[in-house]
Amino acid sequence: MSEQRTPVNETKAWAKLKNLRKKLEPDLKNWFESDPRRREHFSQSTDHVLFDYTRQLITEEVMDTLLELAEETDLKSSINSMFAGEKINVTEQRSVLHTALRNFSGNNVYLNGNDVMPDIKAVLSKIEGFSKKIINGELLGVKGDKLKNIVSVGIGGSYLGPEYLAEVSKASAIEGMNLYFIANVDPTDFVRKTEKLNPAETLVIIVSKTFTTAETMANARAVKSWMTNSLGDDPEVIKKHFIAVSTAQKRVEEFGIDPENMFGFWDWVGGRFSATSAVGGVPLSLYLGYDNFVEILKGAFWMDQHFQNQPFEKNIPVLAGLIDLWNINFMGYKTRAIVPYSQAWHKYAAHCQQTEMESNGKSVDLSGRSVEFDTGEVIFGEPGTNSQHSYFQLLHQGSSIVPIDFIGFINPQYKVESNEEISLHEELMTNFFAQPDALAFGKENELPHKVFTGNRPSNVFLLKNQNPFAAGLLLSLLEHRTAAKGFIWGINSFDQFGVELGKELGINIRERMKLYKKDPANPEVFSGLNVSTSELLKSFMEG
Ligand code: F6P
């Protein structure tokens, strides 16, 4: 990837797309009626997922030009560079190799001349061995109890992906095993997750790539006290009840965790791309069994291969990414809703939110130049049908247009007996089929408040089963769709410096709180703060 490449908005394809946008008169109803081949042109069917983008505000010319844009910006070589382990995260001088974590091809993956696969396999086999010993009771707590409660402490990428995967796969969880996540530093999260647990039956995983994240370390210390207050302040308690997933062995040891009980990963796995490393592998193998974690990896690998090998006109992450780009940069739609028609998928939107917004919320390109176009989109979502009874009013009739991803499944996770002609799952799916059409085709009415304008774009993804494989597949689709956009925009999707300033200011406030607690009259406490923050802090400290 060239760092000095022409900005994407100065390419020929971009200019062409701008013209096409000017000429475009969206009319989905007419487009569907006049072109029976629209579905053929704008859908991709594969063994595991059907992607239908017929309801996007695109013509064949638009789609062809988007594909030209992918060629002109050399998307293929960016993808190849990623898979080949080049240091495409230029600001941090790191490779981006999360795809190696689920590489079942049998091929080596080289980084600086060394194959990374043996290390990955070693961690996987350590996870397999450890999780089996906990599940079958070979490894017990300090008092001889079975460790059946897993508490995973971590935030951001060390939490959202694993929680999404765990929620989807809950139906396959090992009987008797429970998994809880403590992410927020709010004591409510801590208390809600721990209050009913017996420390003697609990195994804690501290998940942090850096092992410095303030929230995670504060929660880790709180869980440590909770555990030692109950079981005794004894190194054996930590040894038997605490494990870590991290890249920072020294800090893990300083915390008191035996390096034997640490599961490693590497700086070439970004936080939000780490769910298929030990970050997800350890909690998920303990909760679901290692074999189900492997199913997740296999689903992700399937999509990795699709992304790497399919030509762009058949490549689902690339096509979805190009459509996002059309919506953001040419149609002016800067928000996207993710609506799975599956309760099991209820944490998917939150994970998509971090992956997309932390990756592509950037304002400078790879050479540090300000970009003159929007990158990233605001992502939100909730499962259907709940979302229909909440924010869908705005999506149907509001003045801003929000493209939607509808995700549905042929088979339910559970069959509920009833004498109804239509099952609960079928009832759910009636909505899945109805909503995209209501948005796309609208409805005329003499009463203005009953008019549905239509021409509101959406994608439809249909999968067969709601299982760990599908969860891994959609995880990888998200990762590659996000990366594809970043590659075309010419930004670095793999750093996240935007989260730093808030952290710095937080550290400053923490010091002021400490000073206040020693001496409320100390003038240093509020000095140099702006009037608003100083009054707010005063109100808080005075209680
Ligand atoms: O603050 C953002 C962030 O750095 C994310 O990118 C990351 O996933 C999260 O914090 C947690 O980081 P760590 O795993 O190092 O605790």
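Nothing here was measured: the structure is a model prediction, and the numbers come from that model.

### Some details on the overall build of the protein
Helix and strand counts for the protein come out as 20 helices and 13 strands. Computed over the C-alpha atoms, the radius of gyration of the protein is 25 Å, within 12% of the 24 Å expected from 2.2 N^0.38 for a compact globule of 543 residues. The dimensions of the protein, computed from C-alpha atoms along their principal axes, are 75 × 65 × 60 Å. Burial status across the protein gives 52% buried among its 543 residues. Expressed as a percentage of contacts within the protein between residues at least 6 apart in sequence, the contacts between residues at least 24 apart total 75%. Element-wise, carbon and sulfur atoms account for 49% of the exposed surface of the protein, whose accessible area totals about 24,500 Å².

### Structural notes on the packing of helix 15 (residues 348-360) against helix 18 (residues 468-489)
Between helix 15 and helix 18, whose axes approach to 10 Å, the crossing angle comes to 20°. Here helix 15 lies roughly parallel to helix 18, going by the angle between them. Seen from above, helix 15 lies across helix 18 with right-handed handedness. Here Tyr 348, His 351, Cys 352, Thr 355, Glu 356, Ser 359 and Asn 360 of helix 15 lie close against helix 18, whose contacting residues are Leu 474, Leu 475, Leu 478, Glu 479, Arg 481, Thr 482, Lys 485, Gly 486 and Trp 489. When grouped by side-chain class, the residues that make up the contact of helix 15 with helix 18 number six nonpolar, six polar and four charged.

### Let's talk about the side chain of Gln 388
Relative to the helices and strands, Gln 388 is located in the loop between strand 11 (378-380) and helix 16 (392-397). Engagement of the side chain of Gln 388 in a polar contact is seen with the side chain of Tyr 341, the distance being 2.5 Å. In this structure, Gln 388 is in contact with Tyr 341, Asn 431 and Gln 435, ignoring residues within four places of it in sequence.

### Examining the domain arrangement of the protein
Parsing the protein into structural domains produces domain 1 (8-72 + 310-495), domain 2 (111-294) and domain 3 (498-542). Distance between the C-alpha centres of domain 1 and domain 2: 34 Å. Every contact between the two is made by 26 residues of domain 1 and, on the other side, 17 residues of domain 2. For the pair domain 1 and domain 2, the summed buried surface comes to about 1,800 Å²; carbon and sulfur atoms form 62% of the total. For the interface between domain 1 and domain 2, the tally reads two salt bridges. On inspection of domain 1 and its partner domain 2, the count reaches eleven residue pairs in polar contact (both at pLDDT 80 or more). Listed by contribution, the elements that provide at least two residues to the side of domain 1 that touches domain 2 are helix 15 and helix 18.

### A word on the pattern of salt bridges
The final tally for this structure, using the stated rule, is 30 salt bridges. The closest approach of N and O atoms between Arg 55 and Asp 437, which form a salt bridge, is 2.9 Å. One end of the pair, Arg 55, is in the loop between strand 2 (49-52) and helix 4 (60-72); the other, Asp 437, is in helix 17 (residues 424-441), with 382 residues separating them in the sequence. What makes Asp 437 partly exposed here is its relative accessible area of 29%. Asp 495 is the salt-bridge partner of Lys 362, the closest N and O atoms lying 2.9 Å from each other.

### Notes on the side chain of Ser 158
For Ser 158, the position within the fold is in the loop between strand 5 (149-153) and helix 7 (160-169). The residues touching Ser 158, leaving out its near neighbours within four places in the chain, are Val 207, Ser 208, Lys 209 and Val 279.

### Digging into the pairing of strand 13 (residues 458-463)
Within a regular beta strand, the side chains point alternately toward one face of the sheet and then the other, so they alternate between its two faces. Of all six residues that make up strand 13, five are buried, and the element is covered over most of its length. Across four bridges, the pairing between strand 2 and strand 13 is antiparallel. Along strand 13, the bridge assignment pairs Phe 51 with Phe 461. Here strand 12 (residues 404-409) runs beside strand 13; their pairing, made up of six bridges, is parallel. By the bridge assignment for strand 13, Gly 408 is matched with Leu 462. The handedness of the strand 12 to strand 13 crossover, carried by helix 17, is right-handed.

### Notes on the site of the ligand
In the vicinity of the ligand there are 14 residues, among which Ser 158, Ser 208, Thr 210, Thr 213 and Glu 358 approach most closely. In this structure, Gly 157 approaches the ligand through a main-chain N or O atom, which is 2.7 Å from an oxygen atom. At a separation of 2.5 Å, an oxygen atom of the ligand approaches a polar side-chain atom of Thr 213. Summarising the interface, the protein chains cover 87% of the accessible area of the ligand, which totals 390 Å² for the free molecule. For the shell around the ligand, a count of residues per class yields two nonpolar, nine polar and three charged.

### As for the sheet that holds strand 13
The sheet built from six strands is open, its strands ordered 1-2-13-12-10-11 with mixed pairing. Single-partner strands in this sheet number two, and they are strand 1 (43-45) and strand 11. Strand-to-strand twist across the sheet, computed as the mean angle between neighbouring axes with direction ignored, equals 15°. Strand contacts of helix 18: strand 2, strand 10 (335-340), strand 12 and strand 13, with the helix running at about 150° to strand 13, the strand carrying the most contacts.

About the criteria used
The residue numbering used here restarts from 1 in each chain and proceeds along that chain's sequence as written. Two thresholds apply to this predicted model, a pLDDT of at least 70 for residue-level local features and 80 or more for giving and counting side-chain atom pairs, whereas whole-chain, interface and lining totals are computed over all residues. Water and hydrogen atoms were dropped before computing side-chain values, which therefore reflect all heavy atoms in the structure. Numbered from the N terminus, helices here are DSSP runs of H or I no shorter than four residues, and strands are runs of E no shorter than two. Radius of gyration means the value over C-alpha atoms here, while the globule rule gives 2.2 Å times the residue count to the 0.38 power. Think of it in three bands: with a 1.4 Å probe and only protein chains considered, a residue is buried below 20% of the maximum accessible area for its type, exposed above 50%, and partly exposed in between. We call two residues in contact whenever any of their non-hydrogen atoms come within 4.5 Å of each other. For the accessible areas, the method is Shrake-Rupley and the probe is 1.4 Å, while residue cover comes only from the protein chains on display. Comment: axis = line fitted to C-alpha atoms, over the contacting stretch for helices; angle = value between 0 and 180 degrees taken between N-to-C directions. Should an angle fall under 35 degrees it is called roughly parallel, over 145 degrees roughly antiparallel, and 65 to 115 degrees roughly perpendicular, with every other angle called oblique. With the far helix as reference, a near helix turned anticlockwise by less than a right angle produces a left-handed crossing, and one turned clockwise produces a right-handed crossing. By the convention adopted, Pro, Cys, Tyr, Trp, Phe, Met, Ile, Leu, Val and Ala count as nonpolar, Lys, Arg, Asp and Glu as charged, and the other residues, Gly among them, as polar. Distance and chemistry together define a polar contact, namely a pair of N or O atoms within 3.5 Å, with one atom able to donate a hydrogen and the other to accept it when in protein, and with adjacent residues in sequence counting only for side-chain atoms on both sides. Each domain's extent is set by a domain assignment, obtained either automatically or from a database. Simply put, the buried area is the total loss of 1.4 Å probe accessible area from both parts when two parts are fitted together. The term salt bridge refers to a side-chain nitrogen of Lys or Arg lying within 4 Å of a carboxyl oxygen of Asp or Glu. We call two strands paired when DSSP finds no fewer than two bridges between them. Seen with the strands pointing away from the viewer, any crossover whose path from the first strand over the helix to the second strand runs clockwise is right-handed. By convention in these notes, a residue is near a molecule or strand provided one of its non-hydrogen atoms lies within 4 Å of it.

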